[in-house]
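# Understanding the architecture of this molecule
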Protein chains: 2
Amino acid sequence: MSDRLIYLPLGGAGEIGMNAYVYGYGAPGAERLIVVDLGVTFPDMDGSPGVDLILPDIAWLEERKAQIEGIFITHAHEDHVGAVGHCWERLGAPVYARPFTANIARRKLGEHGHPEGVVQVVDTYPHQIDCGPFKVSYLPISHSIPESAGLVIDSPDGRVLHSGDFKIDETPVVGDPWDEALWTEVSKDGVKALICDSTNVFTQAPGRSETTIAEPITALMGEAKGMVVATTFASNIARLKTLALAAQAAGRSVCLLGRAMRRMVEAATQEGILDGFPATVSPEDAQNIPRENLMLLVTGSQGERRAASAQLAQGSYLGLKLKEGDTFLFSSKTIPGNERGVIRIMNQLSEMGVDVVDDAGGKYHVSGHANRPDLQRMHQIVKPQILVPMHGEHRHLREHVKLGNAGGLTGIVAVNGMMIDLSGNQPTVAEYIETGRTYLDGSVQIGALDGIVRNRIRMALNGHMIVTLIIDEDGDPLGEPWVEINGLPEVGSSNTPLAEVIEEDLSQFLGRADDKTLIDDDKLEKELRSIARRSAQGEIGKKPEVTVIVSRLG
Amino acid sequence: MSDRLIYLPLGGAGEIGMNAYVYGYGAPGAERLIVVDLGVTFPDMDGSPGVDLILPDIAWLEERKAQIEGIFITHAHEDHVGAVGHCWERLGAPVYARPFTANIARRKLGEHGHPEGVVQVVDTYPHQIDCGPFKVSYLPISHSIPESAGLVIDSPDGRVLHSGDFKIDETPVVGDPWDEALWTEVSKDGVKALICDSTNVFTQAPGRSETTIAEPITALMGEAKGMVVATTFASNIARLKTLALAAQAAGRSVCLLGRAMRRMVEAATQEGILDGFPATVSPEDAQNIPRENLMLLVTGSQGERRAASAQLAQGSYLGLKLKEGDTFLFSSKTIPGNERGVIRIMNQLSEMGVDVVDDAGGKYHVSGHANRPDLQRMHQIVKPQILVPMHGEHRHLREHVKLGNAGGLTGIVAVNGMMIDLSGNQPTVAEYIETGRTYLDGSVQIGALDGIVRNRIRMALNGHMIVTLIIDEDGDPLGEPWVEINGLPEVGSSNTPLAEVIEEDLSQFLGRADDKTLIDDDKLEKELRSIARRSAQGEIGKKPEVTVIVSRLG
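In this text the structure is predicted, and so the values were computed from the model without any measurement. (Residues numbered from 1 in each chain as written. Chains lettered and ligands numbered in written order. Predicted model: local features only at pLDDT ≥ 70, side-chain atom pairs only at ≥ 80, totals over all residues. Heavy atoms only, no water.)

## Let's talk about the confidence of the model for chain A
Here chain A averages 97 in pLDDT, and 100% of its residues register 70 or above. Interface predicted TM-score (ipTM) for the complex: 0.95; the corresponding pTM is 0.96. (pLDDT = per-residue confidence, 0-100.)

## Observations regarding the pairing of strand E24 (residues 418–421) of chain B
Residue and element names in this part refer to chain B. Of the two faces of E24, the one carrying Met418 and Ile420 and the one carrying Met419 and Asp421 are both buried. Where strand E1 (residues 4–11) and E24 come together, 2 bridges link them in antiparallel fashion. For Tyr7, the partnering residue across the bridge sits in E24 and is Ile420. Pairing of E24 with strand E25 (residues 428–432) involves 4 bridges; the strand directions are antiparallel. (Buried < 20%, exposed > 50% of the residue type's maximum accessible area, 1.4 Å probe, protein only. Helix = DSSP H or I, 4+ residues; strand = E, 2+ residues; numbered from the N terminus. Pairing = 2+ DSSP bridges.)

## Quick notes on the interface of chain A and chain B
Facing 60 residues of chain A, the contacting portion of chain B comprises 60 residues. Of the roughly 5100 Å² buried between chain A and chain B, counting both surfaces, carbon and sulfur atoms make up 58%. It is Met45, Arg340 and Arg398 of chain A that lose the most area in chain A upon contact with chain B, and together they represent 13% of the buried surface on that side. When the shortest N-O distance is used, the salt bridge between Asp441 of chain A and Lys542 of chain B registers 2.8 Å. (Contact = heavy atoms within 4.5 Å. Buried area = accessible area lost by both parts, 1.4 Å probe. Salt bridge = Lys/Arg side-chain N within 4 Å of Asp/Glu carboxyl O.)

## Let's talk about the side chain of Glu15 of chain A
Structurally, Glu15 of chain A is set in the loop between strand E2 (13–14) and strand E3 (20–26). Sequence-distant contacts of Glu15 of chain A, that is, excluding residues within four places in its chain, are made with His391, Gly392, Glu393, Asn416 and Arg437 of chain A.

## Structural notes on the domain arrangement of chain A
Residue and element names in this part refer to chain A. Taken domain by domain, chain A comprises domain 1 (4–205 + 367–450), domain 2 (210–357) and domain 3 (463–552). Buried area between domain 1 and domain 2, summed over both chains or domains, comes out near 1400 Å², and the portion from carbon and sulfur atoms is 58%. Summed over the three residues of domain 1 that lose the most area to domain 2, namely Arg107, Val173 and Val174, the buried surface amounts to 35% of that side. Summed over the shared surface of domain 1 and domain 2, the result is 1 salt bridge. Where domain 1 packs against domain 2, one counts 7 residue pairs in polar contact (both at pLDDT 80 or more). Tallied by class, the residues present in the side of domain 1 that touches domain 2 amount to 9 nonpolar, 4 polar and 5 charged. (Domains from an automatic or database assignment. Polar contact = N/O pair within 3.5 Å; in protein donor to acceptor, adjacent residues only side chain to side chain. Nonpolar A, V, L, I, M, F, W, Y, C, P; charged D, E, K, R; others polar.)

Below you can see the structure in the form of structure tokens.
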């Protein structure tokens with residue numbers, strides 16, 4: 001069979017988060033591979049209670065470890081770089097990134113004991129990295145974190161442009177401005193495929209520049225009477241600068257709160273991309289500054305329970321306390337699913353008499369992603385033979401293909417696990433790969449479908465009951481069965497303790513049970529479980545999860 | 001002490017949902033009481049996994065059962081009437097409601113075996129219900145369900161207006177139009193206090209009428225090529241009519257799907273408030289109608305897992321299936337916290353090739369609550385001596401007081417459990433009452449703070465481990481301790497089954513344990529639990545919930 005050029009999303013296509021894309025070139029099954037981004041997504045109580053982080057399932061890649069030429073990180077957002085530390089050992093290939101991203105990636109690898117040298121800092125276009133059949137070049141692009149990049153991926157079957165996350169912002173405050181000439185240049189000889197960010201395809205208005213919010217934020221800081229607290233994503237260095245300069249203009253000292261906030265400012269400063277940022281004060285010193293001369297820049301814009309914003313809302317953080325007349329600015333948008341946490345904080349602040357200001361429909365926040373008209377502009381510049389939307393839920397990918405079609409492009413909806421053959425004039429699905437999610441649970445990586453978390457969810461929904469029974473040397477029950485409940489009402493409809501009612505029902509069954517049942521652990525357990533569940537249903541109207549433990553003496 | 005007029009929210013103030021308000025008049029501690037609304041709120045996985053419904057804690061009222069003169073239901077939304085069936089027996093007083101609301105309340109009471117006669121159908125203003133020291137009159141008001149009402153509550157200390165949920169809509173399609181003259185009339189002799197809906201206090205634009213969406217919806221139905229599915233709250237009878245008439249105009253038959261949808265249309269028809277609704281077809285007949293001539297009107301606008309919309313999104317419902325080219329309209333707004341469920345359905349529909357249309361910024365949906373300018377209008381009409389915001393989270397109540405203050409009114413933020421004395425010229429806090437939430441869990445009512453649900457959440461977050469140990473007649477361990485795990489990884493860092501590692505650590509401890517420990521159940525359990533948790537932390541990086549069961553023979 002002849003060589004082919006393939007694209008395979010393992011994460012990020014059919015969801016927003018956990019980005020992990022694979023490109024390959026070579027004979028089918030023996031392609032040389034490159035990986036673009038290794039990100040995480042965040043767990044929630046609904047589907048992944050107790051889980052610490054969600055990683056892409058890289059089993060397919062791990063099986064092909066010897067075929068991997070390199071791992072290319074487009075930018076330092078957690079959903080693009082967050083899994084590097086957890087996954088690198090299983091893939092082993094060199095990691096490429098621009099300096100700021102490399103700084104963050106190295107910290108993550110370092111936490112797992114991997115050496116600094118794993119990460120290679122790259123120059124941008126026209127510099128190329130040779131990677132087996134590929135030549136890869138980093139193309140600066142504006143986004144909500146510094147040094148974001150798209151990738152120019154040249155293969156024997158043609159050029160692929162991987163947009164990375166991007167927006168069209170010619171004045172991004174920090175980081176690379178949108179450079180239309182550059183994208184025009186790399187597209188001029190024809191582009192095989194554009195793999196393109198889809199996040200904001202439903203947003204009709206053209207995107208707005210980071211600079212547009214400086215004035216309203218400065219006005220807000222100036223007018224506020226008490227202390228001002230502002231929260232945004234710590235990685236949005238441009239926003240931190242906008243907020244800090246506004247504070248400075250209003251005669252306010254800036255104090256950074258939250259580990260991520262300090263780490264990001266440190267990394268940006270180390271890499272020399274954050275100039276003109278005002279000197280900050282420590283939380284200790286901040287306590288001695290008059291409220292009207294202080295701004296706290298804090299983590300927790302998404303209502304995260306342990307972040308600085310949540311702790312301030314609950315009372316105090318590092319000795320700093322909010323009070324009546326203070327102002328709290330969410331210079332951020334709430335990601336769908338995080339509303340409850342954010343609203344909880346807003347109400348706690350309200351109880352303290354703090355005035356909460358949110359993005360106010362864009363006055364104090366702009367998105368980092370290209371809106372619908374900006375995507376059309378990108379399509380028109382690149383004019384790809386094939387459009388493959390990425391970085392979106394299914395509805396975003398589908399809408400993005402429709403948008404491309406309307407502009408005369410051929411597009412395909414490719415979700416996680418769909419291997420697309422880009423060699424021909426039309427994209428085709430070459431194969432379906434089993435993909436999924438890996439949960440980091442404490443210190444262990446488990447499969448999302450292993451049943452472990454499903455069992456936890458079941459206990460949360462149904463409560464849990466333990467039935468223990470001792471069988472003596474003669475094969476007869478020794479004493480009565482014992483029932484313990486966890487997460488269930490103590491008393492149900494008969495006004496007798498639930499455990500007692502169930503013990504009584506189980507005892508009656510055991511009194512009638514024949515030797516054949518008593519000797520058979522599986523059968524005995526099944527019967528005891530079934531009686532316990534039925535009995536609970538009658539008493540409390542729900543069937544708990546039941547664990548039966550039969551101990552046999554002798 | 002002299003008689004006083006009190007207001008006490010037990011639910012609905014400091015939250016949106018679970019409305020339950022109390023008014024009282026008389027000597028302190030011996031007031032005669034009326035209850036306004038008895039609603040529910042809905043559980044979620046974050047805070048109340050496995051719970052079926054959340055009811056207000058009515059312990060305070062139950063202790064004063066003999067003082068209760070009546071229960072007044074303002075309208076038939078679940079957050080106002082949903083707890084009537086579950087709570088009525090503990091309160092015992094007559095329930096008053098307008099005919100449509102009474103129809104719904106009777107169904108709920110009937111499910112609990114209570115007689116129809118409990119509910120008394122009331123006439124509207126100027127008709128008055130004598131209730132001890134109070135005279136209560138139902139004042140029709142527009143909202144997103146028919147026959148909503150505010151209450152005129154006359155007491156010896158003056159007139160209180162309880163707005164109920166409302167919007168200012170002079171053309172509400174179904175139900176009472178906003179009647180400014182009526183509200184002006186009841187206010188003309190002075191109003192002691194206005195207890196007022198706060199839901200939309202942050203929405204700056206004036207509210208829009210239900211009629212404004214008929215035209216865009218009709219256009220959408222006409223232009224759609226395949227089948228159209230529309231979802232909205234089943235209780236929004238006006239919306240059902242708007243949607244059904246639009247379908248009819250587009251040559252589409254209407255089929256109702258979902259129990260709540262059929263029940264609401266039935267109740268509205270029984271009470272004669274739904275005229276001109278097109279004849280509907282059964283799901284069986286709908287299967288034989290060409291797709292372009294069909295509209296399904298379905299439950300599940302909030303992404304509820306078992307509703308018709310979720311089932312259609314998963315494949316089929318009662319033989320009806322969606323496919324490429326069909327259109328699904330959310331004629332609704334997603335309530336904060338429900339985003340994940342709604343987005344899940346949208347993506348499932350996208351996978352089927354169904355075009356999803358949402359409220360599109362108000363084109364296909366209008367709110368049922370008064371916006372900020374409408375609240376100001378209400379303030380100006382009523383000119384109350386005291387403004388007490390209700391039906392809102394803390395941030396809404398606080399903002400509503402600020403809005404009142406800006407218009408020259410005296411206002412007070414009163415949250416659940418704050419008993420307000422309205423007798424004087426200024427509102428004062430008379431007392432703080434212990435309030436909370438009651439969970440309906442299966443068939444049992446449990447307190448939210450009883451620890452039962454907290455234990456379920458802990459099992460979901462941390463997993464669960466059972467340690468069993470048998471102690472023989474001599475007080476020595478019989479055999480080894482036994483460990484079972486649930487919701488935990490099978491294997492941790494040492495690559496040995498987790499249960500075995502912990503059993504080994506427990507055995508070592510038991511080998512060293514002295515008789516004093518072995519004889520003391522509490523001490524033994526505490527030690528075993530602590531070792532199991534520490535051992536798990538080392539193996540899997542998390543500390544599970546541990547249940548220890550020690551069985552003593554003889």
